[in-house]
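# Geometric and topological summary
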Amino acid sequence: MKSKLLVTRLSCVASTALFAAESPAVGTTAPDFSVTDSKGKTQSVSQYKGKYVVLEWFNPECPFVKKHYGSGNMQKLQEEFTGKGVVWLSIDSSAAGKEGHLTAEEANQKMTEWKTKQTALLLDANGKAGQSYGAKNTPHMFVINPEGKIIYEGAIDSKASANPADITGATNYVKVALEESMGGKPVTMANTKPYGCSVKY
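What you are looking at is a predicted structure, and each value in this text was computed from that prediction instead of being measured.

Criteria and cut-off values
- Residues numbered from 1 in each chain as written.
- Predicted model: local features only at pLDDT ≥ 70, side-chain atom pairs only at ≥ 80, totals over all residues.
- Heavy atoms only, no water.
- Salt bridge = Lys/Arg side-chain N within 4 Å of Asp/Glu carboxyl O.
- Helix = DSSP H or I, 4+ residues; strand = E, 2+ residues; numbered from the N terminus.
- Buried < 20%, exposed > 50% of the residue type's maximum accessible area, 1.4 Å probe, protein only.
- Pairing = 2+ DSSP bridges.
- Axes fitted to C-alpha atoms, helices over the stretch in contact; angles between N-to-C directions.
- Core = buried A, V, L, I, M, F, W, Y, C linked by side-chain atoms within 4.5 Å.
- Contact = heavy atoms within 4.5 Å.
- Disulfide = S-S within 2.5 Å.
- Arc of directions from axis to C-beta.

With that out of the way, let us pick up the pattern of salt bridges. Taken as a whole, this structure holds five salt bridges when the rule is applied. Note that K200 and E99 form a salt bridge whose closest N and O atoms lie 3.9 Å from each other. Highlighted residues: K200 in the segment after β9 (197–198) and E99 in the loop between β4 (87–92) and α4 (104–114), separated in sequence by 101 residues. Classification of E99 by relative accessible area gives partly exposed; the value is 37%. A salt bridge links E179 to K175; the nearest nitrogen and oxygen atoms lie 3.2 Å apart. Note that E179 and K175 are positioned in helix α6 (residues 173–182) at a spacing of four residues, about one turn of the helix. Taking the relative accessible area as the measure of exposure, E179 reaches 37% and is therefore partly exposed. Overall, the relative accessible area of 27% leaves K175 in the partly exposed class.

As structure tokens, then:
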């Protein structure tokens, strides 16, 4: 029984390791991808060179994602920075049949229901975009500068919980990174440990 349990545990670790690639380092060129969004438009990082881009890994069933959307926190952040010309791409890398997987119709319905303010919601069911960024959690956040370099990678904020009450008083790392960089300053906290549900590749 013990050996069977050990094999099960090892296989779980192996399947996790398969997709737990390292995220590209801050300061390096952001990997490009070509992914169709919920409106049927192809989205890539390279097409937005010259603009700030935020990548947000998304799963509507994840309690940590619900924390930020149910409170309106993520929508507020999206609206603030898209209003300043930042491109915000939410990416659903859940595979077909896995938690959080969305069809285009379901994605558009969710965006309407949650009143989201991102530039586009990308449907990365084959996980290629997620794997190229080593995306591990929902939400896992990346900020890319106008030169196409990653300037922030990690968590949305400093309180790794699913409790909306913890948003107040948390440091929002994405907001700080964007404000510092857009203000001509270096990003003081460029790497943090992402938290949330595992990406369901």
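Negative phi is the rule for most residues except glycine; trans is the rule for most peptide bonds. With omega at 0 degrees, the peptide bond leading from T138 into P139 counts as cis. With respect to the helices and strands, the residue P139 is situated in the loop between β6 (137–138) and β7 (141–144). Phi is positive for K115, close to 55 degrees, though the residue is something other than glycine. Turning to its location among the elements, K115 is positioned in the loop between α4 and β5 (120–123).

One open sheet accounts for five strands, arranged β5-β4-β3-β7-β8; its pairing is mixed. For this open sheet the edge positions go to β5 and β8 (150–154), each flanked by a neighbour on one side alone. Going across the sheet, the axis of each strand differs from the next one's by a mean of 15 degrees, ignoring polarity. When β7 meets β8, the two strands line up antiparallel, connected through four bridges. Across the sheet, residue M141 finds its bridge partner in β8, namely G154.

This paragraph deals with the nonpolar core. Of all hydrophobic cores here, the largest spans 31 residues; its most connected members are V54, Y152, V174 and L178. Counting residues per element, the ones that place at least two in this core are α2 (63–70), α3 (73–82), α4, β7, β8 and α6. Ranked by residue count, the leading element in this core is α6, at four residues. Apart from the residues within four sequence positions on either side, V54 is in contact with V86, V87, W88, L89, M141, F142, V143, V174 and L178. V35, Y48, V53 and F142 belong to the second-largest nonpolar core, a separate cluster that totals 21 residues.

What follows deals with the state of the cysteines. Within the structure shown, the criterion is met by one disulfide. Shown here is the disulfide that connects C62 with C197, its sulfur atoms set 2.2 Å apart. Taking the sign of the S-S torsion, about 90 degrees here, the bridge from C62 to C197 comes out right-handed. Taken together, the residues span a long stretch of sequence, with C62 in the loop between β3 (53–57) and α2 and C197 in strand β9 at a distance of 135 residues.

It is worth spelling out α4 at this point. It helps to recall that an α-helix has 3.6 residues per turn; residues three or four apart then point in one direction. Three or more residues of α4 are buried, namely A107, K110, M111 and W114. Buried residues along α4 cover an arc of 100 degrees about the axis, so they all sit on one side. Residues of α4 that are exposed and point more than 90 degrees away from the buried face comprise E105, Q109 and T112. Looking at the buried side of α4, the elements it contacts are α2, α3 and β5. In the stretch just after α4, K115 is the one whose phi turns positive, near 55 degrees.

Next up on the list: the pairing of β7. Residues M141 and V143 of β7 are buried on one face, and the alternating residues F142 and I144, pointing to the opposite face, are buried as well. Pairing between β3 and β7: four bridges, direction antiparallel. Bridged to E56 within β7 is M141.

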